[in-house]
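Breakdown of the fold
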Amino acid sequence: MFGQSQAFSGFAVDDLGEARRFYGETLGLRVEETGEGDMRMLTLTLGSGARVFVYPKETHTPATFTLLNFPVDDIEAAVGELERRGVNLERYPGFDHDEKGIVRVGDGGPAAIAWFTDPAGNVLSVLQEN
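Residues numbered from 1 in each chain as written. Predicted model: local features only at pLDDT ≥ 70, side-chain atom pairs only at ≥ 80, totals over all residues. Heavy atoms only, no water.

**Notes on the overall build of the protein chain**
Which entries qualify depends on this criterion: Think of it this way: any DSSP run of H or I at least four residues long counts as a helix, any run of E at least two long counts as a strand, and we number them from the N terminus. The reference for a compact globule is 2.2 Å times residues^0.38; the radius of gyration itself is calculated from the C-alpha atoms. Buried residues are those whose accessible area, probed at 1.4 Å on protein chains only, stays under 20% of the maximum for their type, while exposed residues exceed 50% and partly exposed ones sit between those limits. The contact criterion used is simple: two residues touch if any of their non-hydrogen atoms lie within 4.5 Å. The Shrake-Rupley method, run with a 1.4 Å probe sphere, supplies the accessible areas, and residue values consider only the shown protein chains as cover. His is not counted, nor are the chain ends; Lys and Arg add positive charge and Asp and Glu add negative charge. The location of each charge is read from NZ of Lys, CZ of Arg, CG of Asp or CD of Glu.
Helix and strand content of the protein chain: two helices and nine strands. The C-alpha radius of gyration computed for the protein chain amounts to 16 Å, which stays within 12% of the reference 14 Å derived for 130 residues, consistent with globular compactness. In the protein chain, buried positions account for 34% of the 130 residues. Within the protein chain, residue pairs in contact and separated by at least 24 positions form 52% of the contacts whose partners lie at least 6 positions apart. For the protein chain, the exposed area adds up to about 8,100 Å²; of that, 49% sits on carbon and sulfur atoms. Counting 11 positive and 21 negative side-chain charges, the protein chain places the averaged centre of each group 4 Å from the other.

Here's what the structure looks like:
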């Protein structure tokens, strides 16, 4: 039924201006803002061309799961650049992180992954492409 639909996902943030700065300037995504007043929203365009809708919500609660995953060729370089841009990596119990906050995985998952959050506390990841 929806096989040809140009579906997209979306998530909430508590501060649209901070989200625009973070996703556009810090992460380097194409960000478009539309609407006025309380009806403002962002559209993020990912490298694949997929779009993600970001909307403000006064009662926002950060997602406890990973909203966006960014595959990269060199996770060490990506983590270094995130840190240079002021992004702190998350360290979760139950995972063995190296000194940079990278988790080396195996068993069919990504070779390596590191998590971080946006200014609204939503979880994102950078992961090594296999």
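Back to the text.
**Here we look at helix α1 (residues 16–26)**
Formally: Arc definition: it is the arc formed by the directions from the helix axis to the C-beta atoms. In the analysis that follows, any N or O atom pair within 3.5 Å is treated as a polar contact, provided that within protein one partner can donate a hydrogen and the other can accept it, and provided that, for residues neighboring in sequence, both atoms belong to side chains.
Those residues of α1 that fall on the buried side of the exposure criterion are Leu16, Ala19, Phe22, Tyr23 and Thr26. Considered in projection along α1, the buried side chains sweep an arc of 160 degrees and stay on one side of the axis. Near the N-terminus of α1, the side chain that reaches the backbone nitrogen of glycine 17, with its oxygen 3.0 Å away, is that of aspartate 15.

**Quick notes on the layout of surface pockets**
Heads up, the rule is: With a 1 Å grid laid over protein atoms only, a set of points is called a cavity when a 1.4 Å probe fits there but cannot get out and a pocket when it is open yet has protein on both sides within 12 Å along at least five of seven lines; lining residues have an atom within 4 Å of a point. Grid points are joined across faces, edges and corners, and a volume is the space filled by probe spheres set on the points. Note on residue categories: nonpolar means Ala, Val, Leu, Ile, Met, Phe, Trp, Tyr, Cys or Pro, charged means Asp, Glu, Lys or Arg, and polar means any other residue, Gly included.
Of the voids in this model, the largest pocket is the one considered here, and its volume is about 310 Å³. Along the wall of the largest pocket there are 16 residues; nearest its centre are Leu27, Phe70, Val72, Leu82 and Val126. Those elements that place two or more of their residues in the lining of the largest pocket are β5 (66–72) and α2 (75–84). Examining the composition of the lining of the largest pocket, we find that five residues originate from one element, β5, more than from any other. Of the residues contributing to the lining of the largest pocket, the split by class is 11 nonpolar, three polar and two charged. Quantified by volume, the second largest pocket comes out at close to 160 Å³. Along its surface, the second largest pocket is lined by Asp14, Leu16, Gly37, Asp38, Arg40, Pro56, Lys57 and Glu58. A breakdown of the residues in the lining of the second largest pocket according to their chemical character gives two nonpolar, one polar and five charged.

**Observations regarding the pairing of strand β8 (residues 112–117)**
Note the cut-off: Strand pairing requires that DSSP identify at least two bridges connecting the strands.
Of all six residues that make up β8, five are buried, and the element is covered over most of its length. In this structure, β8 lies alongside strand β9 (residues 123–128), joined through five bridges in antiparallel fashion. Bridged to phenylalanine 116 within β9 is leucine 124. Between β8 and the antiparallel strand that follows it, β9, lie five residues; glycine 121 among them carries a positive phi value of about 90 degrees.

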